[in-house]
Amino acid sequence: MEFEDAPRQHYSETEKQGIFNNEFMPHIHSMYNFGYRLTLDRDDAKDLVQDTYLKAYRFIESFQKGTNAKAWLFRILKNSFINDYRKKSKEPSKVDYQEVETYYNSEEVDRQITPDLRVESLKDMIGDEISNALNSLDVDFRTVIILCDLEGFKYEEMAKILDIPIGTVRSRLHRARNLLKEKLKSYAKSMGYNNA
Amino acid sequence: MATSQNPFIQADGKKPTCMEMLQTILDGEATREQKDYFKQHMDGCMPCYKEYNVDMAIKELLKAKCCGGNCPEGLVEQIKAKVNSTIA
Ligand SMILES: [Zn+2]
């Protein structure tokens, strides 16, 4: 459960309470949103967040006081999701990582830069379009967008949260952004931007 | 204006593509020098300029629409109560 090979800490009960209340609890809203975006269900998100916080308390001595609590908590939540929820729903991962890597390294990428979605059509997406588009992505792609664009995590933090190399974080983000844009493009078309 | 070296060039000397530079910016991984360089690059590269604006608009939209606000009422108390019961 520990983040790095941090030595096991020894905290008094008061210290544990202090860390829990002052370093863990302030992230509850981000945690809930992450849980919701992963499970796409508000009750499951609530359970997931609660499980995560209980685990965080149980393993608090593998957390080093004053280090990156948010990344540590996000990692526990992500692991709980994979172990307890993803298994239950039997949703197979549709992401072919090998394919993602070669995709990114190919010469194709420069051709992708022909923009075909316009800022004006995005400005009209004032409803749930963006949220639905995000939710429709495969969970692995959804996750990197959440971590980077909503939560502002750096590559290095994302690599630790997701247990993948930094190069994979980068290529997965690239792919996720393109998939999201494809979705938004089809929404824009349905909204009447034929040239969107 | 100094003819500055492209700060996106990696240790292996490989010239970065437009897409690669743009992604470093979007992902929040660019240094000050890289941001400045890219800003100048966009003045002469229409595809980058357009794509940058679209991508930033999506990022803003995500932040505005997908952050979800607060967790359900009572969850904080519920968690604290559970933790306290494990101590006792
Ligand atoms: Zn360019």
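Residues numbered from 1 in each chain as written. Chains lettered and ligands numbered in written order. Predicted model: local features only at pLDDT ≥ 70, side-chain atom pairs only at ≥ 80, totals over all residues. Heavy atoms only, no water.

Comments concerning the coordination of the zinc ion
All names here are of chain B.
Now for step 1: Binding of the zinc ion to the protein goes through Cys18 (SG), His41 (NE2), Cys45 (SG) and Cys48 (SG), at separations of 2.0 to 2.4 Å.
Now for step 2: For the zinc ion, the 4 donor atoms in the first shell make angles of 104 to 116° at the metal, a pattern classed as tetrahedral.
Now for step 3: Taking the relative accessible area as the measure of exposure, Cys48 reaches 0% and is therefore buried. (Donors = N, O, S within 2.8 Å, 3.2 Å for Na, K, Ca; no water. Tetrahedral: all angles 85-135°; square planar, octahedral: opposite > 155°, others 65-115°. Buried < 20%, exposed > 50% of the residue type's maximum accessible area, 1.4 Å probe, protein only.)

A short note on the environment of Lys154 of chain A
Now for step 1: Position of Lys154 of chain A relative to the elements: it lies in the loop between helix H8 (139-150) and helix H9 (155-162).
Now for step 2: Judged by relative accessible area, Lys154 of chain A falls into the partly exposed class, the value being 37%.
Now for step 3: Beyond its immediate sequence surroundings of up to four residues, Lys154 of chain A is in contact with Gly28 and Glu29 of chain B.
Now for step 4: A distance of 2.3 Å separates a polar atom in the side chain of Lys154 of chain A from the backbone oxygen of Gly28 of chain B. (Helix = DSSP H or I, 4+ residues; strand = E, 2+ residues; numbered from the N terminus. Contact = heavy atoms within 4.5 Å. Polar contact = N/O pair within 3.5 Å; in protein donor to acceptor, adjacent residues only side chain to side chain.)

What to know about the confidence of the model for chain B
Now for step 1: On average, residues of chain B carry a pLDDT of 90, and 94% of them reach 70 or more.
Now for step 2: Predicted complex metrics record ipTM = 0.90 and pTM = 0.86. (pLDDT = per-residue confidence, 0-100.)

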